[in-house]
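These are the residues of each chain, in order.
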Amino acid sequence: MIGVTVLVQDTTNGTLSDFDGNYEINVNTGDVILFSYVGKISKSVTVGAQTTIDIVMEDDASELDEVIIVGYGTQKKSDLTGSISSVSGEEVTSYVSGDPSQALQGKMAGVRVQSNGGGPGASNDIVIRGVSSFAGSTPLFVIDGMFSDTMDFVNPSDVTSIEVLKDASAAAIYGSRAANGVVIISTKTGSTTEGIRVDIESSAGFQSITNELDWISGVEYANLRNTLAEVNDTEKYPGFNENLDPSVNTIVDELAISSAPLMNTSASIYGSSNNINFNVSANWLDQDGIVIGSSFDKKTMRTNIGFNKGKFKVTESFAVTRTLERPNTIWNLNNNILPTIPFYNPDNEGGYGGATLEEHGVNGNNHVARSILMDKYIERDNLIGSLAMEYEIIDGLVAKVNTGLTYNTNLDYTFIPTFFISEQIGANQEEAELREYSGKSVSSLIEGTVNYDKSINKNSFSLLGGITRQKTTTDTRASIVSGFPSNDVNQISASSNVIRITGEQYVNTLSSLFGRLNYNYDSKYFFSATIRRDGSSRFSEENRYGTFPSVAVGWTISKENFLNDSDFISNMKLRASYGKLGSQQIADYAYIPVLNINSDAVFGTGQNRLPGISQTVFANPDLVWETTKSSDIGLDLGFMNNKLTFTMDYYNKVSENVLVSLEIPPTSGTSVPVAQNAASIENSGFEFSGTYRGAVGDFTFNVSPNITFLHNEVLDLGDNIAPIIGGQFMVSYSTRTSVGEEVASYYGYKVLGIYQSQEEIDNDGAMADANAEPGDFRYADTDGDGILSAEDQTVLGSYIPDLEYGISLAFTFKNFDMNLDFNGVSGVEIYNYGRRKNLLDIGSNMTTEALNYWRPDNTDTDIPRIGGNAQNERASSFLVEDGDYFRLRSMQIGYSLPQSVLDKIKLRKIRIYASGQNVFTITKYSGYYPEIGQGLADEDRVVANDNPLFYAGVDQSTYPTARTFLLGIQLGF
């Protein structure tokens, strides 16, 4: 064998074997020679009197037959027929975050993880192989056997591995829950070694903004307003002239954004004794936000206990998490404080300043001040637990019962004190107001499975059958009250006026039967078939049940005689699969009408008010399961004893009868959206991932690139369903979902340039806005009728990237280690609503780019004149930007103390490290950061449709993503 590392233990004296497996090394009697090679079991030999030492390197089963967690069981990686990606617990903990899903970003082909802004505790969107549903593309999370809609409450330090089931063959065992893929999280159990061990890790650091915007000064803003007043022949205001204080320079970013600390500490006690193994862990993450008034605090505790006695096995997993989030999503909204106005104004109630109509021509706001005055937090408690018992009835036949429970509570608290900034709506509060939204969700699960594994000669098969039932009860409460004796008293009982009190309860159940057959002959030919039948209470009795089958085959070509003896090709496996998955992602009770039992009406000649009942929500009893038909063909390759590996997949996924709630005409008597089977969506693409492992003496390295190509298209919108629009901007909308285009494509007018003269406007005739003047936008006549109208709007781009890629690099040299994770996207656009606010809206401060606006002495520009009535602010290509980026997402350098030192101080491990996150980002995007997600501002919502999918990629002053640097230490006892 070529390339075997030959090293004298505890020295740097080493070499590599040559092409014929020969090597030479100078040693002394008593030296220990270490032999190592990727994919082989390392060996050691003590030197005696011999002059030649020959070693047979044996395959390392842990490398070649890595065990992967699959639905309701495990499989050797070499036996897989489905498309599954995996990351280890070590990779998860390399990125400090409250949500372990961050560890998947850029690590897996076909898996997109995008943060909804950079706020502390911000949620993440995980999309597997494209957006395939309007009801959300969140996958199913299975945490130690218990189902969940999120994984953000899991402590990243507890994770052993995360597996992502991407195709129908792998995910079909979960049926209706798996249409968007499945993420399986396994947490750490006790050690198999007798005794108790303790691990402690702590890190601390700071965060800072990655990109700063360049704002104009107070004097520059005043000059701009005066120039515009002269050009437009409008009034000049005292606040920009005789009452202007040139020393005032109020910049929102300087007031609201600053460096912020971050601390993360984890501890675990684990071990085993006799038939019991255990792991008890705790974690505390304390993160201040870089934006004023924002923070995130997360505390987690978990216990995993296992008991093994002969053929009987019991496992328990229990975790409790509490988070306290203080978001700030209003700090940079429209109509913010002008740079000419002092931030503080002691004459105003609350003590903060803002624009006034008399001084500045507009009543303005001060959203930074409002975020300081407002007391807002979101408190969440999460409990998740599972208890499983299994018994091996006969050799290979195992019966298992799994029970699980999740209990979630949340409180969204907002207290708005009395204050005054200006007469602008939202800039004053005459009566203090308290808003409390609370919820509780309890979900119980019981499953019974029987699994039989048997091998007969070269035939191996595994049969699985099971039944499962899950019930979820959700209670919600909302209270809005006002009229408090003072701003210091902020409890509901102290209020004098009830604005609104509501309460609701929802119950849904899901019952299922499932089965699976895995068969292989001689570990060469593979066959897998799965079927699951689900019944959901969210559908009427006629449509309650859905059946979801899948089938997959595999052929390990490298085990055929013509390749079996190859020294170069160590693995070649062809896979193919097809299956059908389902989705029930609609609101509960969507198939039955909702009645208001307190609907009064006036009747008769006396016009008396009489009690009655009215229907407030329309029902759709014809709703059926959303189904996804998925096909996949893949190729796994390994070379040089799997030192170099590749995985390639081509997939096609078509979702039919897509469920979505759509608004109906208000003439129907209600504005509540109605659930419908509305569309068909296709996602197809190609995935590639690879790994190269190498070693040169004491230096080892691992290079793992991945790349994903994706095509998304709406195939059909169903009968009588118009294109779905979202994101209202004045007279147009920012997104539109229509046949032949990507889901939620940006939609608006295509800007051709700027009118330079009245002659150009006259030549365009009806294609020019009726109020157009030189300096206004000129738009494309996309429908060819010569008239500027809504029909001229067209697709302007999409938040869905054509290409995503990532590369992970890992290096070790003696006791040093280094990890680098890069990722990027290409062929993606961002709808930058901030560009409208920062360049065209004089009601807030503006960036220096706005000073390049069109005027007769500055015509070589792409920024139109400011002001006028030609609606230059309408949704258009002017607001759509290139969102491509490439970044060093994570970097970590560590040093582990040598064993000789650890032995002296009686410790098992000491490792110190320095790490950075979002170290650099290369992008052309002009906003704070190109990762937008589906964030939604608390106020000034620019999207009328509340479905977050329909405003994905729209930057509404999204919270900036921070650059983070940390120092940490790991201790083992």
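Labelled according to an unreviewed UniProt entry, the protein appears under the name TonB-dependent receptor, originating from Formosa agariphila. UniProt annotates the protein under Subcellular location (unreviewed entry) with the comment "Cell outer membrane". Looking at the Sequence similarities (unreviewed entry) heading of the UniProt record, one finds this comment for the protein: "Belongs to the TonB-dependent receptor family."

(A) Up close: the overall build of the protein. Of regular secondary structure, the protein possesses 11 helices and 50 strands. Against the globule reference of 30 Å for 973 residues, the protein gives a C-alpha radius of gyration of 31 Å, in line with a compact fold. Once the C-alpha set of the protein is aligned to its principal axes, its extents read approximately 100 × 70 × 65 Å. Expressed as a percentage of the 973 residues in the protein, the buried residues total 51%. Put simply, of all contacts in the protein between residues at least 6 apart along the chain, 68% involve residues at least 24 apart. Treating the 68 positive side-chain charges of the protein as one cloud and the 119 negative ones as another, the clouds have centres 10 Å apart.

(B) Fine view of the UniProt feature "domain: TonB-dependent receptor plug" (unreviewed entry) in the protein. Sites flagged by UniProt as "domain: TonB-dependent receptor plug" (unreviewed entry) map to residues 77-182. Split by type, residues 77-182 is 8% helix and 28% strand. Its first and last C-alpha atoms lie 17 Å apart.

(C) Molecular detail of the confidence of the model for the protein. Across the protein, the average pLDDT comes to 89, with 95% of residues at or above 70. For residues 937-945, every residue scores under 50 in pLDDT, and the model assigns this stretch 34 contacts once sequence neighbours within four places are set aside.

(D) The sheet that holds strand S13 (residues 182-187), seen in detail. Here we have five strands laid out as an open sheet, ordered S7-S12-S13-S10-S11, and mixed in their pairing. The open sheet has two edge strands with one neighbour each: strand S7 (84-88) and strand S11 (146-148). Neighbouring strand axes in the sheet, compared pairwise and without regard to direction, differ in orientation by 20° on average. For S7 and strand S12 (residues 159-165), the ladder comprises five bridges, and the chain directions are antiparallel. Counted as the bridge partner of Ser-86 is Glu-163 from S12.

(E) Focus on the pattern of salt bridges. Inspection of the entire model under this criterion finds 32 salt bridges. In this structure, a network of salt bridges that share partners links the residues Arg-129, Lys-166, Arg-575, Asp-632, Asp-636, Asp-649 and Glu-687.

Each value, and the rule that gives it
Residues numbered from 1 in each chain as written. Predicted model: local features only at pLDDT ≥ 70, side-chain atom pairs only at ≥ 80, totals over all residues. Heavy atoms only, no water. UniProt positions renumbered as here; feature names shortened; annotations may be inferred. Helix = DSSP H or I, 4+ residues; strand = E, 2+ residues; numbered from the N terminus. Rg over C-alpha atoms; globule rule 2.2 N^0.38 Å. Buried < 20%, exposed > 50% of the residue type's maximum accessible area, 1.4 Å probe, protein only. Contact = heavy atoms within 4.5 Å. Lys, Arg positive; Asp, Glu negative; His and termini not counted. Charge placed at Lys NZ, Arg CZ, Asp CG, Glu CD. pLDDT = per-residue confidence, 0-100. Pairing = 2+ DSSP bridges. Axes fitted to C-alpha atoms, helices over the stretch in contact; angles between N-to-C directions. Salt bridge = Lys/Arg side-chain N within 4 Å of Asp/Glu carboxyl O.

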